[in-house]
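Overview (structure and organization)
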Amino acid sequence: MAAPKKGRGPSGGQGRPGRALALILIAMVALTGGMFLSGHTTPRLGIDLAGGTSITLKAKSQPGKPDAINQTNMDTAVSIIERRVNGLGVSEAEVQTQGRDNIIVNIPKGTNSKQAREQVGTTAQLYFRPVLTVTAGQATPTDTASPSASGSAKPSASPSDKETASGSKATPSASATTQGRAVTGALTKDTSPSPSASASGTPKASASPSASVDPATAELQKRFAALDCSTKAGRAKAGANAKPTDTTIACSSEGDAKYVLGPAEVSGTDVDSAKATIDQQRGMWIVQMDFTDKGSKKFQQITSKLSQQQSPMNQFAIALDGEVVSAPQVNETLSGSAEISGSFTQQSAQDLANVLSYGALPLSFDEDTVTTVTAALGGEQLQAGLIAGAIGLALVVIYLVAYYRGLAFIALLSLLVSGILTYTLMSLLGPAIGFALNLPAVCGAIVAIGITADSFIVYFERIRDEIRDGRTLRPAVERAWPRARRTILVSDFVSFLAAAVLFIVTVGKVQGFAFTLGLTTLLDVVVVFLFTKPVMTLMARTKFFSGGHPWSGLDPNRLGAKPPLRRTRRVNAPTDPKEA
């Protein structure tokens, strides 16, 4: 029978440290190569470090739709806002959800922040509504609803400064006609006979008040007369909580006009695309729209009705966020495509096209916070964060060298490997998932230095405990590892759990701290298992460490080691032959 083997043989991982080192070396080379091949050799900086504007939008509940705030609608809103911001020519803008009802929009430096805020903050539903009445934006006296007061209304808009809507193949004469371009000056029309009155064939719903006027119409007339669009507060209150099927009041975006609008006939989701272009024949900027198949049918029906009306009832208002961004006239029946012409500048035409293309959001949002950081301030904060990290790293190095001496070399190599892995991953995660290194993330990386060093200290102290018990270095390294491994895993699990909870429950920049803390905690486990332990196994075979050199940090005399325990053979007491 074969004699049993003495002692416990080394396991695969303990006996082959080169495999683990080769694995982590391959990972480092692959990540570094991917970083250079992708061209992203530096981490993507957040707004607080690179400079720019950060806007936090908070979704608000809509009347009658308690379940409107859900993940599907939030993702749709993010997609539309991102396309809208990119429509401004912004590069590297970041739009993402935070929590259940928040959207963070980060716009880098070099962007017109005011224009971006106007585009991003305009997040309500987009509707095409027929215009019933339009007048000047100031509040009117309460007696203006009488025929005598409204009879003096004159056409106040000329063909040169009013917008018109026409088919994409319309001739210049079709859009140059002056039909229906007059704008009424009060809520009610003049009751005197006129060609426009007989042509329209519609009853004068806004004639002098009588018993036949229902309370809802009277209340609408009262609100319209009291509406003052020249103030920001007045524009904000106009049409608040109005449903698409309601007749409502609204202000123009400039506040120079106020409208009574009919129920929505076409919604923003029916617009397929819109773009601003210059009409070479007329030398003016226009906005060209293309509708979806469903939207084309709706638009054909409403424009067919509006083209037969007199002003202002031949206009349709493009209402966004309770404001009328445009109210072009309809001169002919339109269908699949149309153009809006008027006194556009290049900027106003592009803004309107951008709103038409991306304006139909499934939710309404409030602008919660806006933070603007200059590039100079961002550079100062980045420099301060790097200095703080360097100071923290220097203190850790001084402590390791002073207390652990030669073992500090292994710890510093492990910190270097951890730093390389962290840097390459942060550089690659920027273009991959939109990760941006902000100031809280830098703080998380600094805290991670202490977490990583703590893992080394746990392992080194376990080795020292084994040496104090009288064991030599090589057995001490292997016996200390199972105990240290268990402690390191428990400690890192608690840190990662805290980072995960912080990432889930927080909003905004604090998530950068949580993400970096969680990432570096995972890398700590990888480095300790695949680098620190194998290197320690190899170093235990060298004379400098195994011989207990005074500068190795493992000198048995300095550690107060006990004399090694030696096994002695047990001597049996002699037995009496008689008893045997």
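No experiment lies behind these values; they were computed from the predicted model shown. Along each chain, the written sequence defines residue order, and numbers are assigned to residues from 1. Two thresholds apply to this predicted model, a pLDDT of at least 70 for residue-level local features and 80 or more for giving and counting side-chain atom pairs, whereas whole-chain, interface and lining totals are computed over all residues. Only heavy atoms go into the side-chain values, all of them from the structure, while hydrogens and water stay out.

1. Some points on the packing of helix 15 (residues 439-468) against helix 16 (residues 473-505)
To get an axis, a line is fitted to the C-alpha atoms, and for a helix only the part in contact is used. The angle between two axes follows their N-to-C directions and goes from 0 to 180 degrees. Under the DSSP-based scheme used, a helix requires at least four consecutive residues in state H or I and a strand at least two consecutive residues in state E, with every element numbered from the N terminus. Running from N to C, helix 15 and helix 16 point in directions that differ by 145 degrees, and their axes come no closer than 8 Å. For the pair helix 15 and helix 16, the sense of crossing is right-handed. Crossings are assigned a handedness: left-handed for a near helix turned anticlockwise from the far helix by less than a right angle, right-handed for a clockwise turn.

2. Here we look at the pattern of salt bridges
Whenever a carboxyl oxygen of Asp or Glu lies within 4 Å of a side-chain nitrogen of Lys or Arg, that contact is scored as a salt bridge. The final tally for this structure, using the stated rule, is eight salt bridges. Close ionic contact of R479 with E466 constitutes a salt bridge, the shortest N to O distance being 3.5 Å. Here E466 lies in helix 15 and R479 lies in helix 16, a separation of 13 residues in the sequence. A cluster of three or more residues bridged by salt bridges with shared partners is formed by E466, R471, R479 and R483.

3. Considerations on the packing of helix 2 (residues 17-38) against helix 17 (residues 510-539)
Where helix 2 contacts helix 17, the axes come no closer than 9 Å and their chain directions differ by 135 degrees. On the basis of the axis angle, helix 2 is oblique to helix 17. Where helix 2 crosses over helix 17, the handedness of that crossing is left-handed. In this structure, helix 2 contributes P17, A20, L21, L23 and I24 to the contact, and helix 17 contributes V526, V527, L530, F531, P534, V535, T537 and L538. Throughout this description, any angle smaller than 35 degrees is read as roughly parallel, any larger than 145 degrees as roughly antiparallel, any in the 65 to 115 degree range as roughly perpendicular, and the remainder as oblique. Contacts are residue-level and defined by heavy atoms, with any inter-residue pair within 4.5 Å sufficient.

4. Overview of the packing of aromatic side chains
Side-chain rings of Phe, Tyr and Trp (the six-membered ring for Trp) are treated as a pair once their centres are within 6.5 Å; stacked means planes under 30 degrees apart, edge-to-face means over 60, and tilted covers the remaining angles. What the rule picks out here adds up to 14 aromatic pairs. When the centroid spacing of 5.8 Å and the interplanar angle of 45 degrees are considered together, the rings of F128 and F316 count as tilted. Of the two residues, F128 is situated in strand 4 (residues 126-136) and F316 in strand 11 (residues 316-320); the sequence distance between them amounts to 188 residues. Think of it in three bands: residues with accessible area under 20% of the maximum for their type are buried, residues over 50% are exposed, and the middle band is partly exposed, with areas taken using a 1.4 Å probe on protein chains only. Among the residues examined, F128 registers a relative accessible area of 2% and is labelled buried. Residue classification places F316 among the buried positions, given a relative accessible area of 3%. Among the aromatic residues, those joined into a cluster by ring pairs are F128, F291, F299 and F316. Sitting over the face of the ring of F224, K258 holds its NZ or CZ atom 5.1 Å from the ring centroid. Each ring is checked for a lysine NZ or an arginine CZ that lies within 6 Å of its centre and within 35 degrees of its normal; such an atom marks a charge sitting over the ring. Between the NZ or CZ atom of R405 and the centre of the ring of W551, over which it lies, the distance is 4.5 Å.

5. Points about the state of the cysteines
Disulfides are defined as cysteine sulfur pairs within 2.5 Å. Tallied over the full model, the rule gives one disulfide. With a sulfur-sulfur separation of 1.9 Å, C229 is cross-linked through a disulfide to C251. Because the sign of the S-S torsion sets the handedness, a value of about -75 degrees for the bond joining C229 and C251 places this disulfide among the left-handed ones. Separated by 22 residues along the polypeptide, C229 in the loop between helix 9 (215-226) and helix 10 (232-237) and C251 in strand 6 (residues 248-252) bring together distant segments of the chain. Residue classification places C229 among the buried residues on the basis of a relative accessible area of 0%. On the basis of relative accessibility, which here comes to 0%, the residue C251 falls in the buried class.

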